[in-house]
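# What the coordinates show
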Amino acid sequence: MTLYQLAAEQIWNLPVERLTLYHLRSNTPCSCGPRDETRLVEASHLVSEVGKNIAEKRFPAVENQYCPCDFPEYCPYYRHQVVPELKETDVLRGVKVGEAAERYASLQSQIKELESQLEEVKQIIIDLCQAERLSRVYGIENAITYKMVERLGFGEDGVRALLEPDGLWQRVLSLDQARMKQLVDDEAVAGDIRHKLEALRQVVASYP
Ligand code: SF4
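Residue indices begin from 1 for each chain and proceed along its sequence in written order. Owing to the predicted nature of the model, reporting of local features is limited to residues with pLDDT of at least 70; listing and counting of side-chain atom pairs is limited to 80 or more, with chain, interface and lining totals taken over all residues. Computation of side-chain values: all heavy atoms of the structure, hydrogens and water removed.

## Regarding unusual backbone geometry
In the segment running from Cys-67 into Pro-68, the intervening peptide bond is cis, with an omega of -5°. Runs of H or I in DSSP of at least four residues are treated as helices and runs of E of at least two as strands, each being numbered from the N terminus. If you trace the backbone, Pro-68 turns up in the loop between helix 2 (37-55) and helix 3 (79-82). Located in the positive-phi region is Asn-27, a residue other than glycine, with phi close to 55°. Following the sequence through the fold, Asn-27 ends up in the loop between strand 1 (19-23) and strand 2 (28-32). Of note in this structure, Arg-133 is not a glycine but carries a positive phi near 55°. Along the chain, Arg-133 falls in the loop between helix 5 (97-132) and strand 5 (136-138).

## Here we look at the packing of helix 1 (residues 2-11) against helix 2
Each packed pair of helices is defined by two parameters, the angle between the axes and the distance between the axes. Simply put, an axis is a line fit to the C-alpha atoms, just over the touching stretch for a helix, and the angle between two N-to-C directions goes from 0 to 180 degrees. Running from N to C, helix 1 and helix 2 cross one another at 95°; their axes reach a closest spacing of 10 Å. Classed by the angle they form, the pair helix 1 and helix 2 counts as roughly perpendicular. From helix 1, Thr-2, Leu-3, Gln-5, Leu-6 and Glu-9 reach across to helix 2, where they touch Arg-39, Leu-40, Ala-43, Ser-44 and Val-47. For the contact of helix 1 with helix 2, the per-class residue count stands at 5 nonpolar, 3 polar and 2 charged. Each angle gets one of four labels, with under 35 degrees taken as roughly parallel, over 145 as roughly antiparallel, 65 to 115 as roughly perpendicular, and the rest as oblique. Here, two residues are considered to be in contact whenever any of their heavy atoms come within 4.5 Å of each other. Three classes are used, and their members are as follows: Ala, Val, Leu, Ile, Met, Phe, Trp, Tyr, Cys and Pro are nonpolar, Asp, Glu, Lys and Arg are charged, and the others, Gly among them, are polar.

## As for helix 1
Looking only at helix 1, the buried set comprises Thr-2, Gln-5, Leu-6 and Ala-8. For helix 1, the angular spread of buried residues about the axis comes to 165°, placing them on one side. Exposed positions of helix 1 whose direction lies more than 90 degrees from the buried face are Tyr-4 and Ile-11. In this fold, the buried residues of helix 1 make contact with strand 1 and helix 2. Burial here depends on accessible area, computed with a 1.4 Å probe over protein chains only, as a share of the maximum for the residue type. Under 20% is buried, over 50% is exposed, and the range in between is partly exposed. Directions pointing from the helix axis toward each C-beta atom define the arc.

## Some details on the environment of Asp-70
If you trace the backbone, Asp-70 turns up in the loop between helix 2 and helix 3. What makes Asp-70 exposed here is its relative accessible area of 67%. C-alpha separation for the pair Asp-70 and Ser-206, spaced 136 residues apart in sequence, amounts to 30 Å.

See below:
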């Protein structure tokens, strides 16, 4: 609807007072007011971005609930599954890719299981050491030491009061990515600020 409004205003020079979507099966019109300036600017940016990607022949595959589509042989997510030659010829250091994938999944699930067992045994040892006031417990060949580890940090109010007068406060501040995400998702924050923040999101690191 936003694109139709842009078209009507920019191509036909018609001011848009109302947007109406006709649901044809039930013959029901659904109307709302026109999009505001922020939404129109966002839609224009989206169109420019899509147009740029088309011009540069960039079509990254984005998985969705309807995958696989009718073109799995061109898709980086499904090509390996549907192109037989790829399966037969694909060999890495003597291990077939399919076998490597199975091994990887199996190791990951073993690690998860072991981590859960480790956590359980650790908690048993902690409970015992705390109950019996022990700092070490002994097995046949191994001993496990129990110790409270303290992490040191700075209290924000005190540090700020000390550094701010000398202009040093900014030097210890840095952008917290997790908090930024919380802010973007927080519905109590004004919508246009969240949209503008979302538009500033970019890749800051990539790894395989
Ligand atoms: S299967 Fe089709 S729709 Fe799904 S990611 Fe691949 S190309 Fe895109």
